[in-house]
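Architecture and fold: a report
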Amino acid sequence: MKIGIIGAGSVGGALGRGWARAGHEVTFGVRDTSDPKVQKLVAETGARAASVAEAASGAEVVALATPWGATQDAVKSAGGLAGKVVFDCTNPLAPNLSGLTHGFDTSAAEQVASWAPQARVVKIFNTTGANNMANPDYSGVAATMFYCGNDVEAKATAGKLAADLGFDPVDAGNLEQARLLEPLALLWIRLAYAQGLGREIAFKLMRR
Ligand SMILES: NC(=O)c1ccc[n+]([C@@H]2O[C@H](COP(=O)([O-])OP(=O)(O)OC[C@H]3O[C@@H](n4cnc5c(N)ncnc54)[C@H](OP(=O)(O)O)[C@@H]3O)[C@@H](O)[C@H]2O)c1
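Presented here is an overview of the structure given in this document. Bear in mind that the values here come from a model prediction, so they are computed numbers and not experimental data.

**Considerations on helix H8 (residues 178-192)**
With 15 residues, H8 extends 21 Å between its outermost C-alpha atoms, agreeing within 8% with the 21 Å of an ideal straight helix rising 1.5 Å per residue. Looking at the packing, one finds that the buried side of H8 touches strand E5 (85-88), helix H5 (108-115), strand E6 (120-123), helix H6 (130-134) and strand E9 (144-149).

**Focus: the sheet that holds E6**
Pairing is mixed in the open sheet, where eight strands are placed in the order E3-E2-E1-E4-E5-E6-E9-E10. At either end of the open sheet lies a strand with only one pairing partner, and these are strand E3 (48-50) and strand E10 (168-171). Averaged over all neighbouring strand pairs, the angle between strand axes comes to 25 degrees, with direction disregarded. Taken together, the four bridges between strand E4 (residues 61-64) and E5 define a ladder with parallel strand orientation. Bridging across to E5, Ala63 finds its partner in Phe87. Against the sheet, H8 contacts E5, E6 and E9, and its axis sits at roughly 145 degrees relative to E9.

**Here's the deal with the nonpolar core**
Soluble globular proteins tend to pack their nonpolar side chains together in the buried interior. Core analysis: the biggest nonpolar cluster contains 31 residues, and Ile5, Leu15, Trp19, Phe87, Ile124, Phe125 and Phe167 have the highest contact counts within it. Elements supplying a minimum of two residues to this core: strand E1 (2-6), helix H1 (10-21), strand E2 (25-29), helix H2 (36-45), E4, E5, E9 and helix H7 (152-164). When residues of this core are assigned to their parent elements, the largest contribution, four residues, is made by H7. The residues touching Phe87, leaving out its near neighbours within four places in the chain, are Trp19, Val61, Val62, Ala63, Leu64, Val122, Ile124, Phe125, Thr157, Ala158 and Leu161. Membership of the second largest hydrophobic core comes to 25 residues, among which are Val52, Ala108, Ala109 and Leu175.

**A closer look at the packing of helix H4 (residues 68-78) against H5**
In helix packing, the relevant descriptors are the interaxial angle and the interaxial distance, both defined with respect to the helix axes. For the pair H4 and H5, the least separation of the axes is 10 Å and the interaxial angle reads 20 degrees. Relative to H5, the element H4 lies roughly parallel. With respect to the hand of their crossing, H4 and H5 are arranged in right-handed fashion. Contacts between H4 and H5 involve Trp68, Thr71, Gln72 and Val75 from the first element and Ala108, Gln111, Val112 and Trp115 from the second. For the contact of H4 with H5, the class distribution of residues is five nonpolar, three polar and no charged.

**Regarding the pairing of E6**
By the bridge criterion, four bridges tie E5 to E6 in an arrangement that is parallel. Bridge pairing links Val85 to Arg120 in E6. Between the parallel elements E5 and E6, the chain passes through H5 in a crossover that is right-handed. Two strands pair when backbone bridges link them, and E6 and E9 are joined in this way by two bridges, in the antiparallel orientation. The partner of Val122 across the bridge, within E9, is Gly149.

Reading the values: rules and limits
- Along each chain, the written sequence defines residue order, and numbers are assigned to residues from 1.
- Totals for whole chains, interfaces and linings use every residue, but because this is a predicted model, local features are given only for residues with pLDDT of at least 70 and side-chain atom pairs only at 80 or more, for both listing and counting.
- The basis for every side-chain value is the complete set of non-hydrogen atoms in the structure, without hydrogens or water.
- The helix count covers DSSP runs of H or I at least four residues long, the strand count covers runs of E at least two residues long, and both are numbered beginning at the N terminus.
- By this rule the span expected of a helix is its residue count minus one, scaled by 1.5 Å.
- The contact rule is simple, with two residues in contact once any of their heavy atoms fall within 4.5 Å.
- Two strands pair if DSSP finds at least two bridges between them.
- An axis is simply a line fitted to the C-alpha atoms; with a helix, the fit covers only the stretch in contact. Between two such axes, the angle follows the N-to-C directions and lies from 0 to 180 degrees.
- Nonpolar core, defined: a set of buried Ala, Val, Leu, Ile, Met, Phe, Trp, Tyr and Cys residues in which side-chain atoms within 4.5 Å join the residues together.
- Summary of the burial criterion: residues with accessible area below 20% of their type's maximum are buried, those above 50% are exposed, and those between are partly exposed, where the area comes from a 1.4 Å probe applied to protein chains only.
- Any angle between 65 and 115 degrees counts as roughly perpendicular, while under 35 counts as roughly parallel, over 145 as roughly antiparallel, and the rest as oblique.
- Should the near helix be turned anticlockwise from the far one by less than a right angle, the crossing is left-handed, and should it be turned clockwise, the crossing is right-handed.
- Residues are grouped as follows: nonpolar covers Ala, Val, Leu, Ile, Met, Phe, Trp, Tyr, Cys and Pro; charged covers Asp, Glu, Lys and Arg; every other residue, Gly included, is treated as polar.
- Looking down the strands as they point away from the viewer, one classifies a crossover as right-handed if the path from the first strand across the helix to the second runs clockwise.

This is the structure we're talking about:
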């Protein structure tokens, strides 16, 4: 698939590396294509780097991997997201990881959908660390990747692209369920840092 990744940091880089390895056509949408970090990523992955607008316009799937505070600007720079599958990978973290700026009666994902009302938004790749996006394998067991959204086809694409990275994808329902997935991300962060478990942890949905 043609995938535009807006943001080439920890999350954007991990997703881009994995999808390029899986044979997808990845373009990083960045503010400065000459940035040495971006150039290194391009050299490593064989992906392209382009402006945010160009990466989004040529893509079937656009992944938003920007700090929450920059996401409205990133959506605006991306231009016409109408009809595109848009992955919201962000977490609306309050300063010092003290909590979330959205929750209970809305979510960052729903906010993104309001900024891009014709996009098919899926919340995904927010509930675990970028290290797990690079490698979701725990001794032969695939970490769970929860996702949610209102468009059935867009969610099927999300599940497939999560599986391509090695995750066990789990559909959590409509986009409103992002109100649950965003706090779940904060739980992962608290376990990793405040509780001292470190980043080599991941959620797993058990089945029988
Ligand atoms: N890190 C994790 O483990 C993790 C896990 C799950 C979810 N998340 C969420 O994923 C998002 C990205 O996190 P990250 O750790 O990857 O952040 P990061 O390493 O700081 O990378 C952020 C990227 O966004 C770009 N960016 C910033 N402002 C932008 C703008 N206005 N337009 C376009 N691009 C812009 C940055 O580019 P410049 O270099 O130009 O500033 C950078 O490439 C956050 O919302 C975070 O909460 C993170």
